[in-house]
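# Structural overview for review
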Amino acid sequence: SFSAWSSKRCAVIGGSGFLGRHLVEKLLGKGYTVSVFDIRQSYELPGVTFHQGDLCDKQALLTALQGVSLVFHCASPAPASDDKALFQRVNIQGTHTVLQACTEAGVQKVVLTSSASVVFEGTDIKDGREDLPYAKKPIDYYTETKIEQEKLVLKACDKEKGLLTVAIRPHGIFGPRDPQLVPILVDTARRGNMKFIIGDGSNLVDFTFVDNVVHGLILSAESLRPESPICGKAYHITNDEPVRF
Ligand code: NAD
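Residues numbered from 1 in each chain as written. Predicted model: local features only at pLDDT ≥ 70, side-chain atom pairs only at ≥ 80, totals over all residues. Heavy atoms only, no water.

Quick look at the overall build of the protein now. What the protein contains, in helices and strands, is 6 helices and 11 strands. In summary, the protein has a C-alpha radius of gyration of 18 Å against a globular reference of 18 Å for 245 residues, a match within 12%. Across its three principal directions, the C-alpha atoms of the protein cover 55 × 40 × 35 Å. The 245 residues of the protein split such that 45% are buried. Long-range pairs, those at least 24 residues apart, make up 73% of the contacts in the protein with a sequence separation of at least 6. As displayed, the protein has an accessible area near 12,600 Å², and 53% of this comes from carbon and sulfur atoms. (Helix = DSSP H or I, 4+ residues; strand = E, 2+ residues; numbered from the N terminus. Rg over C-alpha atoms; globule rule 2.2 N^0.38 Å. Buried < 20%, exposed > 50% of the residue type's maximum accessible area, 1.4 Å probe, protein only. Contact = heavy atoms within 4.5 Å. Areas by Shrake-Rupley, 256 points an atom, 1.4 Å probe, with all protein chains shown as cover.)

Opposite charge on two side chains permits pairing when their charged atoms draw close. In this structure the tally under the stated criterion is 8 salt bridges. Arg129 is the salt-bridge partner of Asp131, the closest N and O atoms lying 2.7 Å from each other. On the accessibility criterion, Asp131 (56% relative accessible area) is exposed. Assessed through its relative accessible area of 55%, Arg129 is described here as exposed. Between Glu150 and Arg169 there is a salt bridge; the shortest N-O distance is 2.8 Å. In this pair, Glu150 sits in helix 4 (residues 141–155) while Arg169 sits in strand 6 (residues 164–169), placing the two residues 19 residues apart along the sequence. (Salt bridge = Lys/Arg side-chain N within 4 Å of Asp/Glu carboxyl O.)

Our focus in this paragraph is the environment of Pro229. Along the chain, the position of Pro229 falls in the loop between helix 6 (210–223) and strand 10 (234–236). Distance in space between the C-alpha atoms of Pro229 and Val34 is 27 Å, their sequence separation being 195 residues.

Before going further, it helps to spend a moment on the sheet that holds strand 4 (residues 70–73). Judged by pairing direction, the sheet is parallel, and its 7 strands sit side by side in the order 3-2-1-4-5-6-10 without closing on themselves. Since the sheet does not close on itself, it has two edges, and those belong to strand 3 (48–52) and strand 10, each with one partner. Taken pair by pair, the neighbouring strands of this sheet meet at an average axis angle of 20°, ignoring direction. Looking at chain direction, strand 1 (residues 9–13) and strand 2 (residues 33–38) are connected through 5 bridges and run parallel. Its bridge partner lying in strand 2, Cys10 is registered against Val34. Against the sheet, helix 4 touches strand 4, strand 5 (109–113), strand 6 and strand 10, its axis set at about 150° to strand 6. (Pairing = 2+ DSSP bridges. Axes fitted to C-alpha atoms, helices over the stretch in contact; angles between N-to-C directions.)

In contact at an axis separation of 9 Å, helix 3 (residues 84–105) and helix 4 are set at 10° when each is read in the N-to-C sense. The angle between the axes of helix 3 and helix 4 places the two elements in the roughly parallel class. Contacts from Lys84, Phe87, Gln88, Asn91, Ile92, Thr95, His96 and Leu99 in helix 3 reach Tyr141, Tyr142, Thr145, Lys146, Glu148, Gln149, Leu152 and Val153 in helix 4. Its residues assigned to classes, the contact of helix 3 with helix 4 comprises 7 nonpolar, 6 polar and 3 charged. (Parallel < 35°, antiparallel > 145°, perpendicular 65-115°, else oblique. Nonpolar A, V, L, I, M, F, W, Y, C, P; charged D, E, K, R; others polar.)

What follows is the structure, given as structure tokens:
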């Protein structure tokens, strides 16, 4: 059932978001036909079909996934939210629904945007590898549900059933149109609230340029084949060296 590997019809769930839009633009440039599935439409682009809907709604997903062989899942509630029920519903139940819809629609590959925070236990990690265990005490509810989400997606990888999955784990994505990271830092600094350091100033933090995340997502999608070693695995994606913060 892996006959249509060359198909360039893909869908980006969360394609109206910061990362999603960068991904969509790069995919178009590489000759893909792109459907965006999102609860909101934030832009218009030639070559992109928008489907407005909630990823917890399987029927809505099935409409958007018709004829699609590759799905990128980059939707999530804002990490800063404290709405536990929303994280649970969208990141866990919703991901379950996405996987079901993908199976029913005959999608062959699912590429998840996970997060490097799934292995963060509160202490610095340098040169952290993918064999680090999941955090036993995730730092917040967002991360807790990102862990469950990643497990669900990787577990769904099944060559017999014809669905292959992989996850990419960025941290602190920055780049043009970033709505959160840099604007919030700048705003906090302007208000004079950046005078305090938690710890002794040697804590490590990693940031990832948005184009590197997009590159990792497309590379993993294009390398995903029944025989490839990346099936059902997660990969950290970083810039180079972590920053002292
Ligand atoms: P974003 O908020 O800009 O984009 C997320 C998109 O998901 C939005 O367009 C939103 O409308 C959509 N969405 C939310 N709930 C939905 C639902 N129920 N149904 C359909 N669409 C829904 O966020 P982003 O920074 O682009 O993040 C994209 C992905 O990357 C997320 O999975 C996030 O967890 C992950 N991630 C982001 C960062 C970062 O620093 N930005 C770091 C690590 C991982």
